[in-house]
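A structural walkthrough
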Amino acid sequence: MHDRSRGGVSVPASARNVSSRVERLNGPQLRHALRASLGSLVTVVAPLVLLGASALGAWPVTPALRVSAAVLLATLAAVAIRGIRVPWWQRTLFLLTLGVAGLLVVWLQTLAHG
């Protein structure tokens, strides 16, 4: 994709595509996009607060990292299943699978950076 000038400023093609899509959003679509974006943002707030408290000396770094990882996994799972309409047992199975996958990722990262 080529860059084009918009008012004397070069705008990458990918930014133009995003800009044109945002301009076409109507009320319900815009609300949905904002809700999805804010839901994603909320998932990182609690871990950042916990890590910030550790940086200020409130508690050691290692427990802060472990608790932050657990909180991040829990909030991501909550955001992931928020709008899904499935029976309780499928929701539970999904959450358990997601939790195990998340713990596996954290464990592998710990081994790699050990």
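Throughout what follows, the structure given in this document is the object of discussion. The written sequence of each chain sets the order in which its residues are numbered from 1. Per-residue local features of the predicted model are confined to residues with pLDDT of at least 70, and side-chain atom pairs are confined, for both listing and counting, to 80 or more; whole-chain, interface and lining totals are unaffected and use all residues. Where side-chain values are given, they derive from all heavy atoms of the structure, hydrogens and water being excluded.

1. Focus: the packing of helix 2 (residues 27–55) against helix 3 (residues 61–81)
Angles run from 0 to 180 degrees between N-to-C directions of axes, and those axes are lines fitted to C-alpha atoms, restricted for helices to the stretch in contact. What counts as a helix is a DSSP run of H or I of at least four residues, what counts as a strand is a run of E of at least two, and both are numbered from the N terminus. The N-to-C vectors of helix 2 and helix 3 enclose an angle of 170°; their axes lie 9 Å apart at closest approach. Regarding the angle of helix 2 to helix 3, the classification is roughly antiparallel. Taking contact as the criterion, the partners of Gly39, Thr43, Ala46, Pro47, Leu50, Leu51 and Ser54 in helix 2 are, on helix 3, Val61, Ala64, Leu65, Val67, Ser68, Val71, Leu72, Thr75, Leu76 and Val79. A per-class count over the contact of helix 2 with helix 3 returns 12 nonpolar, 5 polar and no charged. Orientation is classified from the angle alone, with under 35 degrees giving roughly parallel, over 145 giving roughly antiparallel, 65 to 115 giving roughly perpendicular, and any other angle giving oblique. Here a residue-residue contact requires only that any non-hydrogen atoms of the pair lie within 4.5 Å. Basically, the charged four are Asp, Glu, Lys and Arg, the nonpolar ten are Ala, Val, Leu, Ile, Met, Phe, Trp, Tyr, Cys and Pro, and anything else, Gly included, counts as polar.

2. Considering helix 3
Between the first and last residue of a helix there are one fewer steps than residues, each counted as 1.5 Å, and that sum is the expected span. Helix length check: helix 3 (21 residues) gives 30 Å between terminal C-alpha atoms against 30 Å at 1.5 Å per residue, within 8%. Among all positions in helix 3, only Ala64, Ser68, Ala77 and Ile81 are buried. The inward-facing, buried residues of helix 3 contact helix 2 and helix 4 (88–113). For every residue, the accessible area (1.4 Å probe, protein chains only) is compared with the maximum for its type, and the residue is labelled buried under 20%, exposed over 50%, or partly exposed between those bounds.

3. So, a nonpolar patch on the surface
On the surface, Leu38, Leu41, Val44, Val45, Leu48 and Val49 cluster together to form a nonpolar patch covering roughly 540 Å² of accessible area. Topologically, leucine 38 is positioned in helix 2. To count toward a patch, a residue needs a relative accessible area over 30% and no salt bridge; like charges are then connected within 9 Å, while nonpolar side chains (Val, Leu, Ile, Met, Phe, Trp, Tyr) are connected within 5 Å. Only the protein chains shown count as cover for residues, and all accessible areas are computed by the Shrake-Rupley method using a 1.4 Å probe. Salt bridges are identified by distance alone: a Lys or Arg side-chain nitrogen within 4 Å of an Asp or Glu carboxyl oxygen.

4. Observations regarding the side chain of serine 68
Counting through the fold element by element, serine 68 comes out in helix 3. With residues up to four places along the chain from it excluded, the contact list for serine 68 reads Pro47, Leu50 and Leu51.

5. Looking at the packing of helix 3 against helix 4
The axes of two packed helices give the description: the angle between them and the distance between them. Running from N to C, helix 3 and helix 4 cross one another at 145°; their axes reach a closest spacing of 10 Å. Between helix 3 and helix 4 lies a crossing whose hand is right-handed. In contact with Ala69, Leu73, Ala77, Ala80 and Ile81 of helix 3, helix 4 contributes Arg91, Phe94, Leu95, Leu98, Gly102, Leu103 and Val106. Among the residues making up the contact of helix 3 with helix 4, the classes are represented as 10 nonpolar, 1 polar and 1 charged. Here a crossing is taken to be left-handed if its near helix is turned anticlockwise relative to the far helix by less than a right angle, and right-handed if that turn runs clockwise.

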